[in-house]
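Remarks on the overall topology
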Amino acid sequence: MKEYNLTTKMRAYQWEELSDEQRSLIEIAKEQTERSYCPYSHYHVGAAARLANGVVIRGCNQENAAYPSGLCAERSALFAAGAQYPDEAVEQLAIACFTGGHFTKEPGSPCGACRQVMTETEHRYGGKMQVLLFGENETYVFDSAADLLPLIFVSENLKG
Ligand code: THU
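Residues numbered from 1 in each chain as written. Predicted model: local features only at pLDDT ≥ 70, side-chain atom pairs only at ≥ 80, totals over all residues. Heavy atoms only, no water.

**Structural notes on the site of the ligand**
Defined as follows: Consider each residue's heavy atoms; a residue with any of them within 4 Å of a molecule or strand counts as near. Any N or O atom pair separated by 3.5 Å or less is treated as a polar contact, with the protein-specific requirement of one donor-capable and one acceptor-capable atom, and with residues adjacent in sequence counted only for side-chain atom pairs. Each accessible area value is a Shrake-Rupley result obtained with a 1.4 Å probe; residue values ignore everything except the protein chains displayed when judging cover. The distinction between a cavity and a pocket rests on a 1 Å grid over the protein atoms alone: a 1.4 Å probe fits inside a cavity but cannot get out, while a pocket stays open yet meets protein on both sides within 12 Å along at least five of seven lines, and a residue with an atom within 4 Å of a point counts as lining. A molecule is counted as occupying a cavity or pocket when more than half of its atoms fall within 2 Å of that pocket's grid points.
Every residue near the ligand is listed here: Ser41, Tyr43, Val45, Asn61, Glu63, Cys72, Ala73, Glu74, Ser109, Pro110 and Cys111. Interatomic distance of 2.9 Å between a side-chain N/O atom of asparagine 61 and an oxygen atom of the ligand. With respect to the ligand, the backbone of cysteine 111 contributes an N or O atom lying 3.2 Å from an oxygen atom. Summarising the interface, the protein chains cover 74% of the accessible area of the ligand, which totals 370 Å² for the free molecule. According to the grid-proximity analysis, the pocket containing the ligand is the largest pocket.

**With respect to the layout of surface pockets**
Our working definition: Grid points are joined across faces, edges and corners, and a volume is the space filled by probe spheres set on the points. Strands here are runs of E lasting at least two residues and helices are runs of H or I lasting at least four, both read from the DSSP assignment and numbered beginning at the N terminus. Just so you know the grouping, Ala, Val, Leu, Ile, Met, Phe, Trp, Tyr, Cys and Pro go in nonpolar, Asp, Glu, Lys and Arg go in charged, and all remaining residues, Gly too, go in polar.
Volume-wise, the largest pocket comes out at about 270 Å³. Residue lining of the largest pocket: 20 residues in total, with Tyr43, Val45, Asn61, Glu63 and Cys72 positioned closest to the centre. Residue assignment for the lining of the largest pocket shows that the elements contributing at least two residues are helix H2 (73-84) and strand E4 (90-99). For the lining of the largest pocket, the class distribution of residues is 11 nonpolar, seven polar and two charged.

**Considering the nonpolar core**
Convention followed: In plain words, nonpolar cores are sets of buried Ala, Val, Leu, Ile, Met, Phe, Trp, Tyr and Cys residues tied together by side-chain atoms within 4.5 Å. We call a residue buried when its accessible area falls under 20% of the maximum for its residue type, exposed when it is over 50%, and partly exposed in between, using a 1.4 Å probe and counting protein chains only. The contact criterion used is simple: two residues touch if any of their non-hydrogen atoms lie within 4.5 Å.
Residues Leu78, Val90, Leu93, Ile95, Met118, Met129 and Val131 are the most contacted members of the largest nonpolar core, which totals 23 residues. Counting residues per element, the ones that place at least two in this core are strand E2 (44-51), H2, E4, helix H3 (112-125), strand E6 (130-133) and strand E7 (139-142). Not counting residues up to four positions away in its chain, the partners in contact with leucine 78 are Ala49, Val90, Leu93, Val117, Met118, Thr121 and Met129.

**Considerations on the environment of glutamine 62**
Looking at the secondary structure, you find glutamine 62 in the loop between strand E3 (56-60) and H2. Sequence separation between glutamine 62 and alanine 146 is 84 residues, and the spatial gap between their C-alpha atoms is 25 Å. If we skip the residues at most four places from it in the chain, glutamine 62 touches Tyr37, Gly70 and Leu71. A distance of 3.4 Å separates the side chain of glutamine 62 from the backbone oxygen of cysteine 60, its partner in a polar contact.

**A closer look at helix H1 (residues 20-32)**
Going by this rule: Multiplying one less than the number of residues by 1.5 Å gives the expected span of a helix.
For H1, built from 13 residues, the straight-helix expectation of 18 Å at 1.5 Å per residue is met to within 8% by its first-to-last C-alpha distance of 18 Å. Along H1, the positions that sit buried rather than exposed are Gln22, Leu25, Ile26, Ile28, Ala29, Lys30 and Gln32. Tucked inside the fold, the buried residues of H1 contact E2, E3, E4, strand E5 (102-103), E6 and E7.

Given below as structure tokens:
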């Protein structure tokens with residue numbers, strides 16, 4: 001038996017410590033929480049994806065009375081980016097969550113399915129995608145989506 005210790009890396013920033021580019025993408029993710037369709041959870045999630053050509057694609061969670069038919073904010077943004085700009089890498093993704101009348105103090109944590117899609121997006125374009133998880137207290141910054149998903153399943157795994 002061997003034991004492996006899987007480690008990952010993230011940094012936590014105060015708002016003033018973020019770059020203008022990071023702050024502007026987060027502002028769009030925050031704005032997107034207002035467009036979220038979440039009559040069931042009342043948990044508003046906004047996402048903003050910056051592409052290599054500078055275009056920002058917006059997303060937000062879309063719920064449904066048939067619960068599993070809904071979609072998270074992150075995937076709504078990444079799938080829209082893939083549909084509209086299939087040849088542009090996604091370089092940065094910002095996420096913000098709003099519930100109970102305020103943005104969450106701590107950053108929201110992307111679900112497993114979104115992490116899988118985030119890592120596939122990164123892999124697809126062969127570069128890193130920086131992930132910004134906004135919280136009122138601090139913002140978590142991951143330099144690569146893969147840092148959010150150790151032991152990622154990628155297309156190479158299919159080859160055995
Ligand atoms: N949600 C997201 O949009 N992103 C996440 O990473 C976690 C959860 C949404 C799904 C659902 O509409 C609501 O938040 C509550 O789970």
